[in-house]
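What follows is the residue order along each chain.
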Amino acid sequence: MSNPVLVCVFRGIDAYDALAGVVEGFTQCREKLNPGGSLPQAVMALTPEVTFRQAVLFFTEADFVTGKTYTLQEHTYHSLQSLCCSFSVGEGWRCRAESLFTFLHTGAQVLCTVLLIKPGVWSQNLARILRNLDLEKFTLVGMKHIDLDPATALRLLPPEVTQDPAALGAHCTYLTSGTALVLCLQRPNAVKKLLDLLGPEDPKVAQALDPSLWRAQYGTSTVHNAFYGSKSYQMAVQDMKLFFPEGLCCAKCQALEEEEV
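Now for a description of the structure that goes with this document.

Conventions we followed
Residues numbered from 1 in each chain as written. Predicted model: local features only at pLDDT ≥ 70, side-chain atom pairs only at ≥ 80, totals over all residues. Heavy atoms only, no water. Helix = DSSP H or I, 4+ residues; strand = E, 2+ residues; numbered from the N terminus. Buried < 20%, exposed > 50% of the residue type's maximum accessible area, 1.4 Å probe, protein only. Contact = heavy atoms within 4.5 Å. Pairing = 2+ DSSP bridges. Axes fitted to C-alpha atoms, helices over the stretch in contact; angles between N-to-C directions. Phe/Tyr/Trp six-rings, centres within 6.5 Å; stacked < 30°, edge-to-face > 60°. Lys NZ or Arg CZ within 6 Å of the ring centre and 35° of its normal.

You can see T113 is positioned in strand β1 (residues 110-117). T113 sits in the buried class, given a relative accessible area of 0%. Leave out the neighbours within four places in its chain, and T113 touches L183, C184, L185, A190, V191, L194, S230 and A236.

Rendered as structure tokens:
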């Protein structure tokens, strides 16, 4: 009671897991620097409900201001710890005041993401894949066949692959070997949900983790791993612009498609 405390409220994607990692690292560092000492301690709320109850003890709704509009796209109810600072808004920023209470109860925002089913996979398994997407509450808002050129194939590869000439050649050869099927999918928290369904890039790792993961079911190697999914919301916007420049059959997705990244 004799010393002041600093109260912060953060918002972000997977905020609770991310902040827990920071707090754990801070605690370990503090113990190394001063074992058993009285250096500052950090505690955090563990659920959105507790976050809200604690936040209203220290702040009013007027203290909570959103950042850039596009930074909110992948935030869901379970990843909220709201940004509690006021800041100047420069030219080109789209910003509006937002009630913390309203944001907590709004729920996940409907987003779009891109799924590319690689050559040789979709032609044999399309009906099953579409059925699984429907079960996971995805809405199909864009679909096309495409023969990837080397430049486009390169854009789909993880950075570690592009740094290995042998792996790069194998991936590009496979991706350009036949027709791929590109789907644009919509649902709340679409990007993360799709990545969670696909699993790790290596089908063997996916198999060990959970045999129901899609790469575990349809992939055979790190090269023939069946699927590409947009890695982030920003990448999803870029992928939509790349594969669906003519637009999508969804007004919300069309608005997202036009966003600056």
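Strands sit in the order β2-β3-β1-β4 across an open sheet of four strands; the sheet is antiparallel. Looking along the sheet, the strands with just one partner apiece sit at the ends: β2 (139-146) and β4 (227-229). In this sheet, adjacent strand axes meet at a mean angle of 20 degrees when their direction is disregarded. Against the sheet, helix α11 (residues 233-243) contacts β1, β2, β3 (180-188) and β4, and its axis sits at roughly 60 degrees relative to β1.

Take the packing of aromatic side chains next. Under the definition given, this model contains two aromatic pairs. When the centroid spacing of 5.9 Å and the interplanar angle of 50 degrees are considered together, the rings of W214 and F227 count as tilted. Within this pair, whereas W214 is found in helix α10 (residues 214-218), its partner F227 is found in strand β4, the two being separated by 13 residues in sequence. Accessibility assignment for this pair places W214 and F227 in one class, buried. Look at Y218 and F227: their rings are 5.6 Å apart centre to centre, the planes differ by 85 degrees, and that puts the pair in the edge-to-face class. As far as burial versus exposure is concerned, Y218 and F227 are alike and both buried. Taken together, the ring pairs in this structure connect W214, Y218 and F227 into an aromatic cluster. For R187, the ring lying beneath its charged end belongs to F138, and the centroid distance is 5.5 Å.

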